[in-house]
Amino acid sequence: MAKTRTQFVCQSCGSSFPQWSGKCDSCGEWNTLVEDNPSAGIGANPGKQMRKGQAVQLVSLAGETEQAPRIASGISELDRATGGGFVQGSAILLGGDPGIGKSTLLMQASAAIAGQGHSVIYVSGEEAVAQIRMRALRLGAIEQNVGLAAETSVENILATLETGKPPALLIIDSIQTLWTEQADSAPGTVTQVRNSAQALIRYAKNHGTCVVLVGHVTKEGQIAGPRVVEHMVDAVLYFEGEGGHHYRILRTVKNRFGATDEIGVFEMSDKGLREVSNPSELFLGERNETSPGAAVFAGVEGTRPVLVEIQALVAPSSLGTPRRAVIGWDSSRLSMVLAVLEAHCGVKLGNHDVYLNVAGGYRIVEPAADLAVAAALVSSLCGVALPADSVHFGEISLSGSTRPVAHAGLRLKEAGKLGFHRAYCSTARDEETSTAGIDVTCIRELTDLAARIASMKEKS
Ligand code: TYD
Ligand code: MG
C-alpha cells in the first residue's frame, strides 16, 4: 500500500507545505498551518488505468442565449445586491462577521421565497431546530414550505436532497461546520470547506437549485475558510456593519449574473432586518449642522447615490508623532489628502492629531470622497462650520488639482432631492448641473476650496 502523504495547509491562503512551520512562507501569517490529508486527485494513483477522455462538442460563441432564470425574494435590498434575485443553478457565498445577521437575513429570505410557493431547504450546522424555529417565530417568518434540518454531514445532506424534488433554494449555515467523508481533516479546514462546497455546488448546477453558503469571516481574518470558496461560487456577498450601529450593508463583491459594487442597506431591529430604501436619509439623520469638521459627501454605490456625513477632528498634538485615526475610510488615502493639503495648500497639520470618521458605521471605498474629506479637515482646523446645505465630491490628485469622478449627475440629483442647495465638485457637465437644480461650484485646485473655507472664518 502506498504511504499516505500528509501535508500542511495554510488556513489563511491555502498554500500547502510538506513540513509544519510556525509561519506560512507564502502569506506570512503565523500559526495558520494545519495538518491535512490531500484527497486523491488526478495522478494520485499512477498504477491505475486511466479512462480515455471523450471529445466534447464545441459550439459557436454567437448563439442563442436565454436570461438566467431568477427567483426574486421580494426583499428589494436583497434582490438589488443579488442582481435581481437568486439565479437557479447558481451558488452564492454570504460572508460576514459572526453575529452580524447572516442567519437572520437568510431566514427572512427563505420565508419570503417559500411564501411565493417555492420550496426551500434550510440546513443549519450551528443551531438546533428549536432555536431556528424560535428565531423564525420572532421574525414572523414561519412558513410551511421551508424544510429545516440541523445537520453537518455533506453526505447526509445530499442523501436528504435526493429523496425529494430539488428545492428552489438551499441554505447552508455555515460552510465551516460541514464535513465530508471525502476528506479526513477536521471541519473548518481548507480541504473540508473546499470539498464540501464543491459537492454542494455540483448539486446546485445539476438540479437547478440556488445554493447559498454562509461563511464566517472574523475581523482578524483568522478563519479564512470561506476565502477558498470565493472563486468556486457565482456570487460573493458580504454582510457588514459596525458593532454599535444597527445598519447592515450587503455588499456584492463578485457576481457572474449581475453588477458588482451594488449594496443593499438594512436596519437590524427587534423583529429582524428591515429594508432601508433611502440610505442617505438614514446616514444623514443624526447630523449636527452647525459643528465644524463635518462635510457631506455625495457618493455612489453601484447605481445608487448615497449621501453620508464625513466628520473630522483636527486637534493640537502633544505627541512626537501625531495620531492619525480613520474609521470607515482608507488610512493611506487620508495620508495622501493630508500631504496634498500641506504641500499645495499651505494647510499645516504636522503638529495636529487627525481623527476621521464616516457617520453611521458606513464604509466608503470611492476615491471621490477626497474632496469631502479635505473640506472636513480644513473646516475642523479653522473651526468654521461648512454651509449645512452643501455637498462635496471629487478626487484629488497628488499635484493638488482635482479629477473628475463618475456619475456626477446622479450625485447632484440625489443631493437636490434631499434638500441640498450647493455642491462643490471637481467637474460636472452642463446638462448634469442643470437637471439637478442646485448651485454647482467646480473646484479645479484644492487650494481654492481651502481658501474658500478659510475666508468663511474671516467673514464670521
Ligand atoms: P445572526 O443572524 O444569528 O448572525 P450570524 O448568523 O451572522 O452569526 O444575528 C445575530 C444577532 O442579531 C444577534 O446579536 C441578535 C441580533 N438580532 C436582532 O437584533 N433582532 C432579531 O430579530 C434577530 C433575529 C437577531
Ligand atoms: Mg448564524
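So, how was this worked out
Residues numbered from 1 in each chain as written. Chains lettered and ligands numbered in written order. Predicted model: local features only at pLDDT ≥ 70, side-chain atom pairs only at ≥ 80, totals over all residues. Heavy atoms only, no water. Near = heavy atom within 4 Å. Polar contact = N/O pair within 3.5 Å; in protein donor to acceptor, adjacent residues only side chain to side chain. Areas by Shrake-Rupley, 256 points an atom, 1.4 Å probe, with all protein chains shown as cover. Axes fitted to C-alpha atoms, helices over the stretch in contact; angles between N-to-C directions. Helix = DSSP H or I, 4+ residues; strand = E, 2+ residues; numbered from the N terminus. Parallel < 35°, antiparallel > 145°, perpendicular 65-115°, else oblique. Left-handed = near helix turned anticlockwise from the far one by under 90°. Contact = heavy atoms within 4.5 Å. Phe/Tyr/Trp six-rings, centres within 6.5 Å; stacked < 30°, edge-to-face > 60°. Lys NZ or Arg CZ within 6 Å of the ring centre and 35° of its normal. Buried < 20%, exposed > 50% of the residue type's maximum accessible area, 1.4 Å probe, protein only. 1 Å grid on protein atoms, 1.4 Å probe; cavity = no way out; pocket = protein on both sides within 12 Å on 5 of 7 lines; lining within 4 Å. Points joined across faces, edges and corners; volume = space filled by probe spheres on them. Nonpolar A, V, L, I, M, F, W, Y, C, P; charged D, E, K, R; others polar. Pairing = 2+ DSSP bridges.

(A) Seen up close, the site of ligand 1. Among the 17 residues in the neighbourhood of ligand 1, the closest are listed as Gly 99, Lys 102, Ser 103, Thr 104 and Ser 269. Contact distances for ligand 1 include 2.9 Å between an oxygen atom and a side-chain N or O atom of Arg 135. In this structure, an oxygen atom belonging to ligand 1 sits 2.8 Å away from a main-chain N or O atom of Gly 272. The fraction of the free accessible surface of ligand 1 (560 Å²) that becomes covered by protein chains is 74%.

(B) View of the packing of helix α8 (residues 370-382) against helix α11 (residues 446-459). Two elements in contact, α8 and α11, have axes whose closest approach is 10 Å; the angle formed by their N-to-C orientations is 30°. Taken together, α8 and α11 sit at an angle that is classed as roughly parallel. Note on packing geometry: the crossing formed by α8 with α11 is right-handed. Mapping the contact onto sequence places Leu 371, Ala 374, Ala 375, Val 378, Ser 379 and Cys 382 in α8 and Leu 446, Leu 449, Ala 450, Ile 453, Ala 454 and Lys 457 in α11.

(C) Spatial organisation of the packing of aromatic side chains. Throughout the structure, instances matching the rule amount to one aromatic pair. Between the NZ or CZ atom of Arg 411 and the centre of the ring of Phe 393, over which it lies, the distance is 5.4 Å.

(D) Fine view of the side chain of Thr 209. You can see Thr 209 is positioned in the loop between α5 (190-207) and β10 (210-216). By relative accessible area, which is 0% here, Thr 209 ends up buried. Beyond its immediate chain neighbours, meaning those up to four positions away, Thr 209 contacts Gln 88, Gly 89, Ser 90, Pro 166, Pro 167, Ala 168, Leu 169, Leu 170, Tyr 203 and Ala 204.

(E) Summary view of empty space enclosed by the protein. Overall, the coordinates contain five cavities of 30 Å³ or more when judged by the stated rule. In this structure, the largest cavity spans a volume of roughly 100 Å³. In terms of lining residues, the largest cavity is bounded by 14 residues, among which Arg 287, Ala 294, Ala 295, Leu 386 and Pro 387 are the most central. Take the lining of the largest cavity: its biggest share by element is three residues, from strand β15 (residues 294-301). Broken down by class, the residue content of the lining of the largest cavity amounts to seven nonpolar, four polar and three charged.

(F) The side chain of Asp 234, seen in detail. If you trace the backbone, Asp 234 turns up in the loop between β10 and β11 (235-240). Ignoring sequence-local partners within four residues, the contact set of Asp 234 consists of Gly 89, Ser 90, Ala 91, Lys 205, Lys 254, Asn 255, Arg 256 and Phe 257.

(G) Local environment of the pairing of strand β9 (residues 169-173). Across the five residues that make up β9, a large majority, five, are buried. Relative to β10, β9 runs parallel, the two sharing four bridges. Residue Ile 171 lies in a different strand from β10, and its bridge partner there is Val 212.

Just geometry here; none of it tells us what the structure is for.
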